[in-house]
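# Commentary on secondary and tertiary structure
Each chain is listed here by its residues.
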Amino acid sequence: NNPEIIKEEELLTGFKELDRVTGGARDVNIISASTGVGKTALALNLALEFGVKQKIPTLYLNYEMAITQLSNRLISIISGVMFRAVETGRYEGTAKDFQKVCEASEELKNSKLFITDNDSKTINTTLSLIEKYAISFGIKVVFIDYLSDMAMDKLGSVEGSEYITYGRWIQLLKGTCQKYGIKLYILVQQNRMNKESSEGVGGSYKILQKADQFLLLYRRRNGVY
């Protein structure tokens, strides 16, 4: 009845083609891809768009990568300098590359993007972190990289089924994020079989049932994503 309400709630990713097709971020967004295809790369670019460029408080919950490595990847994306050069500090180009890295580091430091280390996190730890950053910093976007790297909790050990456990986790995450008006991005593994369809989502169809938006990233034979 009132289109202006939709516009006020709209959160665009900054990637025009993606926003044209999807309409921007939804309440629960699933990013699925096989190992090495680029789901973390896509998530990091989205997180940078929200937290660095748009200055929207964003929390990146990292379960996989050392925080130094993750920070170097972010600096590489911002600066446009090759990741290996950022990681080793050896710049084959001119002194401009070093200057770009310094500027990117400062931009990341002063941004609204918050990153956690890859220490073990259960669903309860994850929910506590989301609430903590929501109350302290007013975060509006959360990334979970990625779901199956979350440490199993006691109830999950009893349940004995990814179908049940992942469904419960997604519901808890969705409830907490909706409480604080947060858009949620969850990265999930895509199985080698059916890797170009929703049937290949690792773990459980419960993941798709709880999602408002499902993004599938895969590489075709010609190398196009």
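Description of the structure in this document. These figures come from a predicted structure and were not determined experimentally.

## Comments concerning the sheet that holds strand β6 (residues 213-217)
Strand order in the open sheet formed by six strands is β3-β2-β4-β5-β1-β6, and the pairing between neighbours is parallel. One side of each edge strand has no neighbouring strand; the edge strands of this open sheet are β3 (113-115) and β6. For this sheet the average axis-to-axis angle between neighbouring strands, irrespective of direction, equals 15°. Strand direction decides the pairing type here: strand β1 (residues 28-33) and β6, joined by five bridges, are parallel. Looking across to β6, one finds that Asn29 is bridged to Gln213. The sheet strands contacting helix α4 (residues 67-79) are β2 (58-62) and β3, and the helix crosses β3 at an angle near 150°. This element, helix α9 (residues 162-179), spans β1, β4 (141-145) and β5 (183-189) of the sheet and lies at about 160° to β5.

## Comments concerning the pattern of salt bridges
Applying the stated rule across the entire model yields eight salt bridges. Arg84 is paired through a salt bridge with Glu87; the nearest N and O atoms lie 3.1 Å apart. With Arg84 and Glu87 both in helix α5 (residues 83-88), this residue pair falls three residues apart, about one helical turn. Judged by its relative accessible area of 36%, Glu87 is partly exposed. Glu131 is paired through a salt bridge with Lys179; the nearest N and O atoms lie 3.4 Å apart. Of this pair, Glu131 sits in helix α7 (residues 123-137) while Lys179 sits in helix α9, and the two are 48 residues apart along the sequence. A relative accessible area of 28% means that Glu131 is categorised as partly exposed. Salt bridges sharing partners connect three or more residues here, namely Asp153, Glu159 and Arg168.

## Some points on α9
Relative to the 26 Å expected for 18 residues at 1.5 Å per residue, α9 spans 25 Å between its end C-alpha atoms, a close match to the ideal helical length. Restricting attention to buried positions, one finds in α9 the residues Thr165, Tyr166, Gly167, Arg168, Trp169, Ile170, Leu173, Lys174, Thr176 and Cys177. Where α9 is buried, its residues touch β1, α7, β4, α8 (154-159), β5 and α10 (206-210). Two or three places before Tyr163, at the start of α9, stands the capping residue Ser161, its side-chain oxygen 3.3 Å from that residue's backbone nitrogen.

Rules used in this analysis
- Residues numbered from 1 in each chain as written.
- Predicted model: local features only at pLDDT ≥ 70, side-chain atom pairs only at ≥ 80, totals over all residues.
- Heavy atoms only, no water.
- Pairing = 2+ DSSP bridges.
- Helix = DSSP H or I, 4+ residues; strand = E, 2+ residues; numbered from the N terminus.
- Axes fitted to C-alpha atoms, helices over the stretch in contact; angles between N-to-C directions.
- Contact = heavy atoms within 4.5 Å.
- Salt bridge = Lys/Arg side-chain N within 4 Å of Asp/Glu carboxyl O.
- Buried < 20%, exposed > 50% of the residue type's maximum accessible area, 1.4 Å probe, protein only.
- Expected span 1.5 Å × (residues − 1).
- Polar contact = N/O pair within 3.5 Å; in protein donor to acceptor, adjacent residues only side chain to side chain.

These figures come from the coordinates and say nothing about function on their own.
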